[in-house]
Amino acid sequence: MKRRNKKISYSSILIGILTFGLLGFSMYNGLGRLGLIEYGSIMYIFLSFGAILGAFLGYSKPLGTELISFAITGLIMVQATWDTIYDIQTGFSEPRVLAGIIALGIFLINTFTGRFKRGTAKKQTRRLLGLR
């Protein structure tokens, strides 16, 4: 039986925690705005579940977590920019604006610390799918 030496990527785990925690917060905020849930302490359940899921994915699939993080944070940044331009009237304290600013920060951290920056997109996609 062959034993693989798996190199732990702490930056991927951090990116997973931050990205999926932010996704949990965004889902909580969206459900609250729709009136499906009441605002309150349930937010911590969404944040915790997202952070645990992100840590697990960051440990087991570091490259995939970074790729998904680019997509999710890019989507949240575009949505927050749209909301800021057309809908927001209360300023920076609006949760959607804060989510956009945090997504920009995660995007920048992922850009400069992640493993994805090594190689081309074609090589990274092959490595993710296991087609080396």
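Residues numbered from 1 in each chain as written. Predicted model: local features only at pLDDT ≥ 70, side-chain atom pairs only at ≥ 80, totals over all residues. Heavy atoms only, no water.

Enquirer: How should I be thinking about the overall build of the chain in this particular structure?
Expert: The secondary structure content of the chain amounts to five helices and zero strands. The N-to-C order of helical and strand elements in the chain reads α-α-α-α-α. Sorting the 132 residues of the chain into buried and exposed places 35% on the buried side. (Helix = DSSP H or I, 4+ residues; strand = E, 2+ residues; numbered from the N terminus. Buried < 20%, exposed > 50% of the residue type's maximum accessible area, 1.4 Å probe, protein only.)

Enquirer: Which parts of the structure should I look at to understand the side chain of Ser12?
Expert: Relative to the helices and strands, Ser12 resides in helix 1 (residues 10–34). Here Ser12 falls in the buried class, since its relative accessible area comes to 0%.

Enquirer: Which parts of the structure should I look at to understand the nonpolar core?
Expert: When a protein is soluble and globular, its nonpolar side chains tend to lie buried together. Leu22, Tyr28, Ile76, Ala99 and Ala103 are the most contacted members of the largest nonpolar core, which totals 14 residues. For this core, the secondary-structure elements that each account for two or more residues are helix 1, helix 2 (42–60), helix 3 (62–86) and helix 4 (95–113). Broken down by element, the residue count for this core peaks at five residues, all from helix 1. Ile76 has contacts with Leu22, Ser26, Ala99, Gly100 and Ala103, leaving out every residue within four places of it along the chain. (Core = buried A, V, L, I, M, F, W, Y, C linked by side-chain atoms within 4.5 Å. Contact = heavy atoms within 4.5 Å.)

Enquirer: Could you clarify how one ought to interpret helix 1 in this entry?
Expert: In an α-helix there are 3.6 residues to a turn, and that puts residues three or four apart on one side. Over its 25 residues, helix 1 runs 36 Å from end to end, which matches the ideal 36 Å to within 8%, given 1.5 Å per residue. Just downstream of helix 1, Gly35 is the residue with a positive phi angle, here 85 degrees. (Expected span 1.5 Å × (residues − 1).)

Enquirer: Is there a simple way to explain the packing of aromatic side chains in this structure?
Expert: Describing an aromatic ring pair means giving the distance of the ring centres and the angle of the ring planes. This structure, assessed with the given rule, holds two aromatic pairs. Considering the side-chain rings of Tyr28 and Phe46, the 5.9 Å spacing of their centres and the 50 degrees angle between planes classify their relative orientation as tilted. Within this pair, whereas Tyr28 is found in helix 1, its partner Phe46 is found in helix 2, the two being separated by 18 residues in sequence. The class of Phe46 is buried, set by a relative accessible area of 19%. A ring pair is formed by Phe70 and Phe107, whose centres lie 5.2 Å apart and whose planes are at 80 degrees; its orientation type is edge-to-face. In this pair, Phe70 is assigned in helix 3 and Phe107 in helix 4, connecting sequence segments 37 residues apart. We classify Phe107 as partly exposed; its relative accessible area is 26%. (Phe/Tyr/Trp six-rings, centres within 6.5 Å; stacked < 30°, edge-to-face > 60°.)

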